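# An overview of the molecular structure
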Amino acid sequence: MAFRFANVSGRATLLDPDDNCYDLARLTDHRLSSDPMVALADPAALHEAARGLAGAVADGTLADARADRRVGPPVPRPVNCFAVGLNYLAHAAESNVDLPASPLVFTKFPTCLVGPDHDIELNSTSADWEVELVVVIGSGGRDIAADDAWDHVAGLTIGQDISDRALQFAASPPHFDLGKSRDTYGPIGPVLVSVDAFDDPDDIRLWCEVDGDRRQDARTSQLIFNVPYLVSYLSGILSLQPGDIIFTGTPSGVGMATGTFLKPGDVVTSGIEGIGTMVNACR
Ligand code: ZN
């Protein structure tokens, strides 16, 4: 059974289709852990626990938890946080670069991850938005075949790969990691949704608005290197760990293309169909 998962007040939480919250440890009489990282490492148990939501008493609503700023990143402490650059044709074109022959993979250091309603603390005048589909690994491993890749994914969530463009290109040759990893530059959430909840996990709509103005709107079917390819590619190089996350790349419409960057007071809204929206204010 499909599940929706969130980190509420630091505790693993399941959600019903109406986004009522159920503390996972309480729901399962403490058979399953309240630690989101431990819980996510056993997706089969989450699928099973989701069956128990019918008739259970909720612990409140996701909306109330978000209003109280109690919803953290669904994956708070991944071992690895990968990101992929230039993975949509139109974005590569607006960036005036050649298409990568193999995935352009960099790190967002996990300390940049924050929840879906957290403020983005601007440190420069060149911070840019990048809405992305974020893949969360369930059962990891080496040498995962593309055909098997989706079976190794615990679920999908929304990510903002906030990017300090000046820092990203400060060194020569450019090295993306630090410019993508400032504190608060990695909002993810609000929920992680299991793959079986999507009609076609390779064709999901994502979009981004800045102060209500739609800047990005695309579908993951436009990815150059799709999710199965990325999981297979990365696992051919290193062992993927439960809870590892992959920012899969951003479509066209980023600020860099027009020289427009985030400023204090801006509100970045990021959405993916079937998951929800994040709302991150800049300050
Ligand atoms: Zn990105």
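Reference entry: report on the structure contained in this document. Quick caveat: nothing in here was measured; it's all calculated off a predicted structure.

Further remarks concern the overall build of the protein chain. If you tally the helices and strands in the protein chain, you get seven helices and 17 strands. For the protein chain, the C-alpha radius of gyration of 18 Å lies close to 19 Å, the compact-globule estimate for 283 residues. Taking all 283 residues of the protein chain together, 54% fall into the buried category. Partitioning the intrachain contacts of the protein chain with sequence separation of at least 6 by distance along the chain shows that 76% fall at a separation of at least 24. With an accessible surface of roughly 11,400 Å², the protein chain has 51% of that area assigned to carbon and sulfur atoms. In the protein chain, 20 side chains carry a positive charge and 39 a negative one; their mean positions are 5 Å apart.

Let us look at the pairing of strand 10 (residues 153-160). Judged by how many residues are buried, strand 10 sits mostly within the fold: eight of eight residues are covered. Across seven bridges, the pairing between strand 9 (residues 131-137) and strand 10 is antiparallel. Its bridge partner being in strand 10, E132 is matched across the sheet by G159. In the sheet, strand 10 pairs with strand 12 (residues 186-193) via three bridges, with the strands oriented antiparallel. Residue pairing across strands places L156 opposite V193, the latter belonging to strand 12.

What follows concerns the environment of V71. Here V71 lies in strand 4 (residues 71-72). It is 22 Å that separates the C-alpha atoms of V71 and A45, two residues lying 26 residues apart in sequence. Among residues more than four places away in sequence, those in contact with V71 are N7, V8, L62, A65, R66, G115, P116 and P190.

Within strand 12, eight of the eight residues are buried, leaving the element largely enclosed by the surrounding structure. Two elements, strand 1 (residues 4-8) and strand 12, share two bridges in a ladder whose sense is antiparallel. Looking across to strand 12, one finds that R4 is bridged to V193. The pairing of strand 7 (residues 113-114) with strand 12 spans two bridges and is parallel. Following the sheet pairing, L113 is matched in strand 12 by G186.

On to the packing of aromatic side chains. A full pass over the atoms with the stated rule returns four aromatic pairs. For the pair F169 and F176, a centre-to-centre distance of 5.7 Å together with 70° between the ring planes defines the contact as edge-to-face. On the basis of an interplanar angle of 15° and a centroid distance of 6.2 Å, the ring pair of Y229 and Y233 is categorised as stacked. One end of the pair, Y229, and the other, Y233, are both in helix 7 (residues 227-235), four residues apart, so they sit about a helical turn from each other. On the accessibility criterion, Y229 (37% relative accessible area) is partly exposed. Against the face of W207 rests R214, its NZ or CZ located 4.3 Å from the ring centre.

Let us now look at unusual backbone geometry. Put simply, S172 and P173 share a cis peptide bond, and its omega is -5°. A cis amide bond, omega -5°, links G189 with the succeeding residue P190. Even without being a glycine, D29 presents a positive backbone phi close to 55°. Within the secondary structure, D29 is located in the loop between helix 1 (24-27) and helix 2 (36-40). Looking at D29, the relative accessible area reads 63%, which means it is exposed.

What the four strands build is an open sheet, ordered 14-13-16-17; its pairing is antiparallel. Edge strands, defined here as strands with exactly one partner in the open sheet, are strand 14 (213-219) and strand 17 (276-281). With strand direction ignored, the average angle separating the axes of adjacent strands in the sheet is 15°. Taken together, the six bridges between strand 13 (residues 205-210) and strand 14 define a ladder with antiparallel strand orientation. In the sheet register, E209 faces strand 14, and the bridge partner there is R214.

Rules used throughout
Residues numbered from 1 in each chain as written. Predicted model: local features only at pLDDT ≥ 70, side-chain atom pairs only at ≥ 80, totals over all residues. Heavy atoms only, no water. Helix = DSSP H or I, 4+ residues; strand = E, 2+ residues; numbered from the N terminus. Rg over C-alpha atoms; globule rule 2.2 N^0.38 Å. Buried < 20%, exposed > 50% of the residue type's maximum accessible area, 1.4 Å probe, protein only. Contact = heavy atoms within 4.5 Å. Areas by Shrake-Rupley, 256 points an atom, 1.4 Å probe, with all protein chains shown as cover. Lys, Arg positive; Asp, Glu negative; His and termini not counted. Charge placed at Lys NZ, Arg CZ, Asp CG, Glu CD. Pairing = 2+ DSSP bridges. Phe/Tyr/Trp six-rings, centres within 6.5 Å; stacked < 30°, edge-to-face > 60°. Lys NZ or Arg CZ within 6 Å of the ring centre and 35° of its normal. Axes fitted to C-alpha atoms, helices over the stretch in contact; angles between N-to-C directions.

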